[in-house]
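# Reading the structure
So you can see what is in the structure, the chains are spelled out below.
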Amino acid sequence: MNGKIGLEEHFATAETLQDSAGYLPASSWKELSSRLLDIHGKRLQQMDEHGMEMMILSLNAPAIQAVPSPALANDMAIRSNDFLAEQVAKRPDRFQAFAALPLQDPEMASRELERCIQQLGFKGALVNGFSQVDSPENVVYYDAPQYAAFWAEVERLDAPFYLHPRNPVPSRAQIYEGHPWLMGPVWAFGQETAVHALRLMASGLFDRHPELKIILGHMGEGLPYSMWRVDNCNAWVDGPKAYPAKRPLGEYFANNFYLTTSGNFRTQTLIDAMLEVGADRILFSTDWPFENVDHATSWFDAASISEADRIKIGRTNAQKLFKLPVDAPASPDASRRMVGAHR
Ligand code: MN
């Protein structure tokens, strides 16, 4: 289909580029680094060739989250967000933006989110997992009490919050010792992000702020496959609940979360996610430049789902979630074109 919108689509600046080194063999670095630093060249060409109308851009990982000094993290976030705003202003019809946030300091993060949404016109935030605060070993997750006011601000600004993966710090990664191939997108990213999402659900965050919208990539980081078991095992025996949240966690997963197809181009997995959270909460994404646009689109355009669901997941869910301009009602001819000729 034409007109696809993607929202896990990364870029780097000169100061964050090296954060993306090491995930691929050295022979691929020249290509990957040039893709990360490019916005308006090959990226746009790939979008044109494969029916992507828009990318909502975000900084690479872990970037801001791995800068232990709150002041330096804040400076870097402001520089990156200003750079991104300039890039989007050149082609707002093709690019929009997610804010990078210095969550080392919840108050600074709130101020930068407000600036990005209200002054720069960003569509939400993308944060790369936990933040290292004051020292590389001090790892902080966002269910911690010091983030109470930050989350209130996210809800007030109605800013979708994309919880993107990062690797655990080495001192907390004993299970991967001797198996470095498990780090990164192969396994550790999903594990890290799924547990962080479960912490948010169990903390009662969504009882306090029922309008929060959290986005997870990679078809939900394995959670669609596991939510029934999480709730079933939490309720094995009658007794006091083991976490503060009021409801079964699957209810928050179904009501406060959105999932994207980034880097997980598998129809069986998509259908499981659709059965768990519904086609209204799944959004197309590629994970460029770590994945190829053509790999994402050739799979998605031919996946065995209904054309109505393809249009929702490929385009209209993103228009609604990010308040993008909505298409004029399609004539019968236009709808035939959308689902037929451009597949
Ligand atoms: Mn990504």
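All of the points below concern the structure found in this document. (Residues numbered from 1 in each chain as written. Predicted model: local features only at pLDDT ≥ 70, side-chain atom pairs only at ≥ 80, totals over all residues. Heavy atoms only, no water.)

In this section: the overall build of the protein chain. Each helix and strand in the protein chain was counted, giving 13 helices and ten strands. Scaling as 2.2 N^0.38, a compact globule of 343 residues should have a C-alpha radius of gyration of about 20 Å, and the protein chain matches this with 19 Å. With the C-alpha coordinates aligned to their principal axes, the bounding extent of the protein chain is approximately 60 × 50 × 45 Å. Burial statistics for the protein chain: of 343 residues in total, 54% are counted as buried. The long-range share in the protein chain, meaning contacts at least 24 apart out of those at least 6 apart in sequence, stands at 77%. Carbon and sulfur atoms form 55% of the exposed surface of the protein chain, whose accessible area is close to 15,200 Å². The positive charge centre, built from 32 side chains, and the negative charge centre, built from 42, are 4 Å apart in the protein chain. (Helix = DSSP H or I, 4+ residues; strand = E, 2+ residues; numbered from the N terminus. Rg over C-alpha atoms; globule rule 2.2 N^0.38 Å. Buried < 20%, exposed > 50% of the residue type's maximum accessible area, 1.4 Å probe, protein only. Contact = heavy atoms within 4.5 Å. Areas by Shrake-Rupley, 256 points an atom, 1.4 Å probe, with all protein chains shown as cover. Lys, Arg positive; Asp, Glu negative; His and termini not counted. Charge placed at Lys NZ, Arg CZ, Asp CG, Glu CD.)

Looking at the manganese ion, one finds its protein donor set to be E8 (OE), H10 (NE2), H164 (NE2) and D287 (OD), positioned 2.0 to 2.3 Å from the metal centre. Between the donor residues of the manganese ion, the gaps in sequence give the motif E-x1-H-x153-H-x122-D. Taken together, the residues span a long stretch of sequence, with E8 in strand 1 (residues 4–11) and D287 in the loop between strand 10 (282–283) and helix 11 (293–302) at a distance of 279 residues. Judged by its relative accessible area of 8%, D287 is buried. (Donors = N, O, S within 2.8 Å, 3.2 Å for Na, K, Ca; no water.)

Attention shifts here to the pairing of strand 4 (residues 124–128). As a general feature of sheets, a regular strand has side chains that alternate between the two faces. For strand 4, a buried count of five out of five residues is recorded, marking the element as mostly surrounded by other parts of the structure. Residues G124, L126 and N128 line one face of strand 4 and the alternating positions A125 and V127 line the opposite face, and both faces are buried. Examined bridge by bridge, strand 3 (residues 95–99) and strand 4 share two bridges and lie parallel to one another. If you follow A99 over to strand 4, its bridge partner there is A125. Handedness of the strand 3-helix 4 (residues 106–119)-strand 4 crossover: right-handed. (Pairing = 2+ DSSP bridges. Right-handed = clockwise from strand over helix to strand, strands pointing away.)

Moving on, we get to the sheet that holds strand 4. As summarised here, the arrangement of the eight strands in space is 1-2-3-4-7-8-9-10, forming an open sheet in which the pairing is parallel. Only two strands of the sheet have a single partner each, and these edge strands are strand 1 and strand 10. Relative to strand 9 (residues 257–260), helix 9 (residues 249–256) is tilted by about 65°, and along the sheet it contacts strand 8 (214–216) and strand 9. (Axes fitted to C-alpha atoms, helices over the stretch in contact; angles between N-to-C directions.)

Packing of helix 6 (residues 188–202) against helix 9 leaves a shortest axis separation of 9 Å and a crossing angle of 105°. As summarised for this structure, helix 6 and helix 9 are arranged roughly perpendicular, according to the angle between their axes. Residue-level inspection shows L198, M201 and A202 of helix 6 in contact with helix 9, the latter providing L249, Y252 and F253. Split by residue class, the contact of helix 6 with helix 9 holds six nonpolar, no polar and no charged. (Parallel < 35°, antiparallel > 145°, perpendicular 65-115°, else oblique. Nonpolar A, V, L, I, M, F, W, Y, C, P; charged D, E, K, R; others polar.)

Further remarks concern the nonpolar core. If you look at the biggest cluster of nonpolar residues, it comprises 78 residues, and the most contacted ones within it are F150, W151, F161 and M201. Examining the composition of this core, we find that six residues originate from one element, helix 3 (residues 70–90), more than from any other. Contacts of F150, omitting those with residues within four sequence positions, involve L101, L103, P106, A109, S110, L113 and F161. Within the second largest apolar cluster, 14 residues are counted, among which are F98, L126, I215 and L324. (Core = buried A, V, L, I, M, F, W, Y, C linked by side-chain atoms within 4.5 Å.)

Among the secondary structure elements, T297 is positioned in helix 11. If near-sequence neighbours (up to four positions away) are discounted, T297 is found in contact with K4, H50, M52 and F284.

Under the definition given, this model contains 15 aromatic pairs. Taking 5.7 Å as the distance between ring centres and 40° as the angle between the ring planes, the aromatic pair formed by F253 and F257 counts as tilted. Accessibility classification places F253 together with F257 in one group, the buried group. A connected cluster of aromatic rings, assembled from ring pairs, spans F206, Y252, F253 and F257. Between the NZ or CZ atom of R281 and the centre of the ring of Y258, over which it lies, the distance is 4.6 Å. (Phe/Tyr/Trp six-rings, centres within 6.5 Å; stacked < 30°, edge-to-face > 60°. Lys NZ or Arg CZ within 6 Å of the ring centre and 35° of its normal.)

Moving on, we come to the pairing of strand 3. With five of five residues buried, strand 3 lies mostly within the body of the structure. The two faces of strand 3 match: F95, A97 and A99 on one face and Q96 and F98 on the other face are all buried. Alignment of strand 2 (residues 52–59) against strand 3, held across three bridges, turns out to be parallel. By the bridge assignment for strand 3, I56 is matched with Q96. Where the polypeptide runs from strand 2 across helix 3 and back to strand 3, its parallel neighbour, the crossover connection is right-handed.

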